[in-house]
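# Structural features, examined
Residues per chain, in single letters:
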Amino acid sequence: GVHDSLVAALTQAELVATLQGPGPFTVFAPTDQAFAEAGIDLAALDNVDGKAALTDILTYHVYAGAVLSSAVTDGMTVTMVNGDDATFTVTDGTVKIGDATVTLADVPSSNGVIHVIDKVLTPPVNEPTLPDGCDYLVGIDDTGFAYDNTELTINKGQTVCWIWNDETMAHN
């Protein structure tokens, strides 16, 4: 009853069967309240790009292996299923992964362990790879009406490349 949003998200991302696999898996399970506070709108993610983003978020909550709370140490880092690293902090008996606090640890499951957390973990943003011949990239921000890099200093001989997806991309 406190993980309905997580179950709905896993269903939409078509990850339920994967997590029912042999494992072992360690799942960091955000509560419904955590999903609400994160502002995740599953209806808005019901498209190809949204499903990819949702899959990245959800697989950042899963570690392929079993990590019991007794094995967690301060500064310990694990590589999540999506390929990004997540780091634990342990302070005065409180365990956090990223900025989420583990509120209930070591819930056994048939193929691993579940730790309930109070926030949705956000995967780190991967910086765009510079194409060959480019020293800087300039594009449009999320609004579509402003540059994403508002201040740029270049030296003589450096190359600035413009990010252009297609002719329908908003620009100014």
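Further up the page is the structure itself.
Residues numbered from 1 in each chain as written. Predicted model: local features only at pLDDT ≥ 70, side-chain atom pairs only at ≥ 80, totals over all residues. Heavy atoms only, no water.

## Here we look at the sheet that holds strand β1 (residues 25-30)
Ordered by their spatial adjacency, seven strands build an open sheet running β2-β1-β7-β6-β5-β4-β3, and the pairing between neighbours is mixed. The open sheet has two edge strands with one neighbour each: β2 (62-64) and β3 (77-79). Within the sheet, the average angular offset between the axes of one strand and its neighbour, ignoring direction, is 30 degrees. Relative to strand β7 (residues 112-117), β1 runs parallel, the two sharing six bridges. From the neighbouring strand, Phe-28 faces β7, where its bridge partner is His-115. (Pairing = 2+ DSSP bridges. Helix = DSSP H or I, 4+ residues; strand = E, 2+ residues; numbered from the N terminus. Axes fitted to C-alpha atoms, helices over the stretch in contact; angles between N-to-C directions.)

## Here we look at the layout of surface pockets
Of the voids in this model, the largest pocket is the one considered here, and its volume is about 400 Å³. Along the walls of the largest pocket sit 19 residues, with Leu-6, Leu-10, Leu-19, Val-27 and Ile-114 positioned nearest its centre. Breaking the lining of the largest pocket down by element, the ones donating at least two residues are α1 (4-12), α2 (16-19), β1 and β7. Among the elements that take part in the lining of the largest pocket, β7 stands out by supplying four residues, more than any other. Each residue belonging to the lining of the largest pocket can be placed in one class, and the counts come to 13 nonpolar, six polar and no charged. (1 Å grid on protein atoms, 1.4 Å probe; cavity = no way out; pocket = protein on both sides within 12 Å on 5 of 7 lines; lining within 4 Å. Points joined across faces, edges and corners; volume = space filled by probe spheres on them. Nonpolar A, V, L, I, M, F, W, Y, C, P; charged D, E, K, R; others polar.)

## A word on the state of the cysteines
For the structure shown, the criterion picks out one disulfide. Between the sulfur of Cys-134 and that of Cys-161 lies a disulfide, 1.7 Å long from S to S. For the disulfide bridge between Cys-134 and Cys-161, the dihedral angle about the S-S bond is near -90 degrees, and by the sign convention the bridge is left-handed. Highlighted residues: Cys-134 in the loop between β7 and β8 (136-138) and Cys-161 in strand β9 (residues 160-162), separated in sequence by 27 residues. Classification of Cys-161 as buried rests on a relative accessible area of 18%. (Disulfide = S-S within 2.5 Å. Buried < 20%, exposed > 50% of the residue type's maximum accessible area, 1.4 Å probe, protein only.)

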